[in-house]
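# Analysis of the macromolecular model
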Amino acid sequence: MSISSRFAVGIHILSLIEFNKDGVSSSEFLAGSVNTNPAVIRKIMGMLKNAGLINVRPGIAGAELAKELSEITLLDVYKAVNVVQDHELFSVHDSPNPSCPVGRNIQDTIVPLFSAAQLALEKTLANVTIEDVVKGIQEKDQLNNI
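Rules and cut-offs
- Residues numbered from 1 in each chain as written.
- Predicted model: local features only at pLDDT ≥ 70, side-chain atom pairs only at ≥ 80, totals over all residues.
- Heavy atoms only, no water.
- Helix = DSSP H or I, 4+ residues; strand = E, 2+ residues; numbered from the N terminus.
- Buried < 20%, exposed > 50% of the residue type's maximum accessible area, 1.4 Å probe, protein only.
- Expected span 1.5 Å × (residues − 1).
- Contact = heavy atoms within 4.5 Å.
- Pairing = 2+ DSSP bridges.
- Phe/Tyr/Trp six-rings, centres within 6.5 Å; stacked < 30°, edge-to-face > 60°.

### Section: the environment of serine 99
Position of serine 99 relative to the elements: it lies in the loop between helix H4 (74-80) and helix H5 (101-126). On the basis of relative accessibility, which here comes to 63%, the residue serine 99 falls in the exposed class. In this structure the C-alpha to C-alpha distance between serine 99 and glycine 23, which are 76 residues apart in sequence, comes to 64 Å.

### With respect to helix H1 (residues 6-19)
Structural remark: α-helix, 3.6 residues per turn; residues separated by three or four positions point the same way. The first and last C-alpha atoms of H1 sit 20 Å apart over 14 residues, in line with the 20 Å expected at 1.5 Å per residue. For H1, a buried count of ten out of 14 residues is recorded, marking the element as mostly surrounded by other parts of the structure. Those residues of H1 not exposed but buried are Phe7, Val9, Gly10, Ile11, Ile13, Leu14, Ser15, Leu16, Ile17 and Glu18.

### Things to note about the side chain of threonine 73
Along the chain, the position of threonine 73 falls in the loop between strand S2 (60-65) and H4. Judged by relative accessible area, threonine 73 falls into the buried class, the value being 15%. The contacts of threonine 73, once residues within four sequence positions are left out, are Leu125, Ala126, Val128 and Thr129.

### Quick word on the pairing of strand S1 (residues 54-57)
Of the strand pairs in this sheet, S1 and S2 are connected by four bridges, and their pairing is antiparallel. When the sheet's bridge partners are listed, arginine 57 is paired in S2 with isoleucine 60.

### Side note on the packing of aromatic side chains
Applying the stated rule across the entire model yields two aromatic pairs. Residues phenylalanine 7 and tyrosine 78 carry aromatic rings whose centres are separated by 5.5 Å and whose planes lie at 85° to one another, so their mutual orientation is edge-to-face. In this pair, phenylalanine 7 is assigned in helix H1 and tyrosine 78 in helix H4, connecting sequence segments 71 residues apart.

Structure (structure tokens):
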């Protein structure tokens, strides 16, 4: 099982809004780039709006960034789209056998490791902005058009 694709789609939406800042970034337009249904885009856009990352107006097509690119981190997006509940990136199985030495001790042994891994992931995401992503996309696009 992998992390929900809402995270990647959220990054895609924010990046495309920036690329299309002089146009109208409607859910239909964004869905065309993501290659998904506009309803999926609207759901994720609602999450991004609730997190204060984009502005949308009822009855008016399009969205715009609510913050500067350099102010939106991947951790902001990760949290906005509810990829996982806080401190639950990794889950442990319920009720291991307490008669078994592994079953009796596995949770206490791996939960601190899982917590450290999640903190490392979140620290990495906090150090990358949507501006970094957009610059990377622009660089790759220039290389592909040479």
